Amino acid sequence: MKIPADIHARVVELTNALIDAGQSGDTDSGESLYEELSRYCESVAADGRDHPFLWETLADFTDDDRDAIGIYLRALPLATAANAAEYAASICLAVAERHSNLDEFDVARDYALQADAFARDTDDQPLRAIICQFLLDHGDAPDDR
């Protein structure tokens, strides 16, 4: 699923600035940039150009696990509707990790298994390995690895 160049460029610009603010300890700029990224995601979606990349990226930069899960779950239907298995696998893995952070291991496992199912439809071996490792670390070995 191709990301429109203008969307990609703007998100990369904002996330690079977010990373720089975080590394310099400038929390005020970081919060402002996060809000700018959030507004940008909303405006692109409102323009009818919604893309899972927007929401997955925003969620990646969201500190609160519950808030991040909600954002990832906004990205997931976009990915599945577009048959974008790599996005769907990556999003499900991120949701699994956030649930694991919250000690919600059964839910984490369910999302990790969904991630594994989506990843099987991709050639992304590093992603498949990360998902497999998550499942192994959480007591569930996927089959056919």
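This text goes with the structure placed above it.
Predicted model only: the values in this text are computed from it and were never measured.

Colleague: Help me understand the packing of helix H1 (residues 5-24) against helix H2 (residues 27-46), please; the structure alone is not making it clear to me.
Modeller: Any two packed helices are characterised by how steeply their axes cross, that is the angle between the axes, and by the distance between the axes. Across the interface, H1 lies against H2 with an axial gap of 8 Å and an inter-helix angle of 165°. The angle between the axes of H1 and H2 places the two elements in the roughly antiparallel class. The element H1 and its partner H2 pack so that their crossing is left-handed. The segment H1 lies against H2, with Asp 6, Ile 7, Arg 10, Val 11, Leu 14, Thr 15, Ala 17, Leu 18 and Ala 21 engaging Ser 29, Gly 30, Leu 33, Tyr 34, Glu 36, Leu 37, Tyr 40 and Val 44. Considering only residue class, the contact of H1 with H2 consists of eleven nonpolar, three polar and three charged.

Colleague: Please explain the nonpolar core as it appears in this structure.
Modeller: Nonpolar side chains in soluble globular proteins tend to be buried together. Ranked by size, the top nonpolar core spans 44 residues in total, and within it Ile 7, Leu 54, Trp 55, Ile 91 and Ile 131 carry the most contacts. Mapped by element, the contributors of at least two residues to this core are H1, H2, helix H3 (52-60), helix H4 (65-81), helix H5 (85-101), helix H6 (105-119) and helix H7 (125-137). Top contributing element to this core by residue count: H5, with nine residues. Sequence-distant contacts of Leu 54, that is, excluding residues within four places in its chain, are made with Ile 7, Val 11, Tyr 40, Cys 41, Val 44 and Arg 49.

Colleague: What should I look at first to understand the packing of aromatic side chains in this one?
Modeller: Aromatic rings considered in pairs are described by the distance between their centres and by the relative angle of their planes. Across all of its chains, the model carries zero aromatic pairs by this definition. In this arrangement the basic side chain of Arg 74 is found over the ring face of Trp 55, its NZ or CZ atom lying 3.8 Å from the centre.

Colleague: Please clarify how H6 should be interpreted in this entry.
Modeller: End to end, H6 covers 20 Å across 15 residues, agreeing with the expected 21 Å (1.5 Å per residue, within 8%). Against the buried residues of H6 lie H4, H5 and H7.

Colleague: When you look at H5 in this model, what are you seeing that I'm missing?
Modeller: In an α-helix, one full turn covers 3.6 residues, which means residues spaced three or four apart are oriented alike. If you check H5, its first and last C-alpha atoms are 24 Å apart, about what 17 residues at 1.5 Å a residue would give, namely 24 Å. Residue Asp 103 follows H5 closely and has a positive phi angle near 60°.

Colleague: What am I meant to see in the pattern of salt bridges here?
Modeller: Pairing of side chains with opposite charge becomes possible as their charged atoms draw close. As enumerated under the stated definition, the model contains eight salt bridges in all. One salt bridge in this structure joins Asp 6 and Arg 49, with 2.8 Å as the shortest N-O distance. Of this pair, Asp 6 sits in helix H1 while Arg 49 sits in the loop between H2 and H3, and the two are 43 residues apart along the sequence. Given the relative accessible area of 42%, Asp 6 is considered partly exposed. The partly exposed category is assigned to Arg 49, whose relative accessible area is 34%. Residues Glu 104 and Arg 66 are paired through a salt bridge, measuring 2.4 Å at the closest nitrogen-oxygen approach. Linking Glu 104 in the loop between H5 and H6 with Arg 66 in helix H4, this pair joins segments that are 38 residues apart in sequence. Where salt bridges share partners, they join Arg 10, Glu 13 and Glu 36 into one cluster.

What counts, and at which threshold
Residues numbered from 1 in each chain as written. Predicted model: local features only at pLDDT ≥ 70, side-chain atom pairs only at ≥ 80, totals over all residues. Heavy atoms only, no water. Axes fitted to C-alpha atoms, helices over the stretch in contact; angles between N-to-C directions. Helix = DSSP H or I, 4+ residues; strand = E, 2+ residues; numbered from the N terminus. Parallel < 35°, antiparallel > 145°, perpendicular 65-115°, else oblique. Left-handed = near helix turned anticlockwise from the far one by under 90°. Contact = heavy atoms within 4.5 Å. Nonpolar A, V, L, I, M, F, W, Y, C, P; charged D, E, K, R; others polar. Core = buried A, V, L, I, M, F, W, Y, C linked by side-chain atoms within 4.5 Å. Buried < 20%, exposed > 50% of the residue type's maximum accessible area, 1.4 Å probe, protein only. Phe/Tyr/Trp six-rings, centres within 6.5 Å; stacked < 30°, edge-to-face > 60°. Lys NZ or Arg CZ within 6 Å of the ring centre and 35° of its normal. Expected span 1.5 Å × (residues − 1). Salt bridge = Lys/Arg side-chain N within 4 Å of Asp/Glu carboxyl O.

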